[in-house]
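Structural features, examined
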Amino acid sequence: MTQLDLNNPSLTAIAENNPQCQFTNVNRDGLNPKRHGLPHLGHPTLKYSMNWKVDQAGCGWLSLGNYFGYSTVLIKRKTADKKLTNFFKLQVAFHENIVGLVEAFYDSEATHLVYNYYGFAVNLSQVGLTPAVQLSEIDLASICRSILRGLEYIHEQLLIAHGRVDCDNIILCSDGGIKIANIGDSMIDDRPTSMDSDREKVGLLLLQLGDPQRPLYKREDQARAQRIELRLSKYAIHFVEHISSASFSYLFEHAFLQQVQSDSRTWFLIPHYLDTIMHWGVLPQEKER
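The structure contained in this document is the topic of the report that follows. The model shown is predicted, which means the values in this text are computed figures rather than measured ones.

**Examining the environment of I183**
By the element assignment, I183 lies in helix α5 (residues 183–188). Counting along the chain gives 93 residues from I183 to L90, while the straight-line C-alpha distance between them is 9.5 Å. The residues touching I183, leaving out its near neighbours within four places in the chain, are A93, V99, L101, Y115, I154, L158, I160 and H162.

The structure is reproduced here in structure tokens:
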């Protein structure tokens, strides 16, 4: 067994001293090919220059890579209060409808999650609370389709549930793209959740954004939910009723989502992005998570 130096542990030593973490196939360089070497041991400043504090579905540091090309990323810090085994669940994740997890760093004080950065993106809570934004049913269908595509990747490729599918964790980018944020949190959290619950929350999100008055009510407010449903088409209501139990293939063929063009482009959401930016300003929120 490799000696574990707590001041400067190697991935090989951690894996051998913690067999329950299932961190297999560790080579002599301390890397797991299946996990692309995640997480790296040490602080992200070994590779990135952490410069400006910004918000992208939660506070982080806008950072530049200290190597050729100077790639721009967003680094979010999570205190090291999780079980050690959880950090070995981290894996790179890239999809058109999620905020990509590039890599991660782990030291004795914190885990730093390195994400793709999408400029002055806004979350759907901001979109929903912007007075000038009036989302049509086609807009809502497009948003739901994009979220479901991201969830399909999370459920079937990453084999995890997200657990936080809500307006705060979905961003709208300047090109009209919709992306699910904070996938790294989902990988390391122990909170009980389910894939069915993820899909059910997409239905709740549809009801929230479908309310022209835009208050983000709690699920227990059934009377308000019923009034909102009356403003939606019968296709939207049927979609919400079946979303938690239906397969992805069934949902993508549902009449509610078929209102949207067959390609994945969401350029028609760009005016809503611009209205939201004009209302909230381009400076990021300072809200810790």
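**So, the nonpolar core**
L124, I147 and L148 are the most contacted members of the largest nonpolar core, which has 62 residues in total. With nine residues, the top contributor of residues to this core is helix α4 (residues 137–156). Among the nonpolar cores identified, the runner-up in size contains five residues, and Y48, V73, I75 and F105 belong to it.

**Considering unusual backbone geometry**
One non-glycine residue with positive phi stands out, namely A57, at about 55 degrees. Of note in the backbone geometry, L159 takes a positive phi value of approximately 60 degrees without being a glycine. Taking the relative accessible area as the measure of exposure, L159 reaches 62% and is therefore exposed.

**A short note on the sheet that holds strand β4 (residues 72–79)**
What the six strands build is an open sheet, ordered β1-β5-β6-β4-β3-β2; its pairing is mixed. Each of the sheet's edge strands pairs with one partner strand only, and the pair in question is β1 (40–41) and β2 (48–55).

**Describing the packing of aromatic side chains**
This model, assessed by the stated rule, comprises four aromatic pairs. With 6.3 Å between their ring centres and 90 degrees between their planes, Y48 and F105 make a pair best called edge-to-face. Pair noted here: Y48 is in strand β2 and F105 is in strand β5 (residues 101–106), with a separation of 57 residues, a long-range link. As far as burial versus exposure is concerned, Y48 and F105 are alike and both buried. The positively charged end of K76 is found above the aromatic ring belonging to Y115, 5.6 Å away from the centroid. Between the NZ or CZ atom of R199 and the centre of the ring of F248, over which it lies, the distance is 5.4 Å.

**Overview of the packing of α4 against helix α6 (residues 195–209)**
Running from N to C, α4 and α6 cross one another at 165 degrees; their axes reach a closest spacing of 11 Å. Classified by the angle their axes make, α4 and α6 are roughly antiparallel. Between α4 and α6 lies a crossing whose hand is right-handed. Residues L140, I143, C144, I147, L148, L151 and H155 of α4 lie in contact with α6, whose contacting residues are M195, D198, R199, V202, L205, L206 and L209. Looking at the contact of α4 with α6 residue by residue, the classes come out as eleven nonpolar, one polar and two charged.

**Some thoughts on the sheet that holds strand β8 (residues 170–172)**
Strands sit in the order β7-β8-β9 across an open sheet of three strands; the sheet is antiparallel. In this open sheet, the two edge strands, each paired with only one partner strand, are β7 (122–123) and β9 (178–180). Relative to β8, β7 is paired through two bridges, and the arrangement is antiparallel. Within β8, the position partnered with V122 by the bridge is L172. Sheet strands in contact with α4 are β8 and β9, and its direction is about 35 degrees off that of β9.

The rules we used
- Residues numbered from 1 in each chain as written.
- Predicted model: local features only at pLDDT ≥ 70, side-chain atom pairs only at ≥ 80, totals over all residues.
- Heavy atoms only, no water.
- Helix = DSSP H or I, 4+ residues; strand = E, 2+ residues; numbered from the N terminus.
- Contact = heavy atoms within 4.5 Å.
- Core = buried A, V, L, I, M, F, W, Y, C linked by side-chain atoms within 4.5 Å.
- Buried < 20%, exposed > 50% of the residue type's maximum accessible area, 1.4 Å probe, protein only.
- Pairing = 2+ DSSP bridges.
- Phe/Tyr/Trp six-rings, centres within 6.5 Å; stacked < 30°, edge-to-face > 60°.
- Lys NZ or Arg CZ within 6 Å of the ring centre and 35° of its normal.
- Axes fitted to C-alpha atoms, helices over the stretch in contact; angles between N-to-C directions.
- Parallel < 35°, antiparallel > 145°, perpendicular 65-115°, else oblique.
- Left-handed = near helix turned anticlockwise from the far one by under 90°.
- Nonpolar A, V, L, I, M, F, W, Y, C, P; charged D, E, K, R; others polar.

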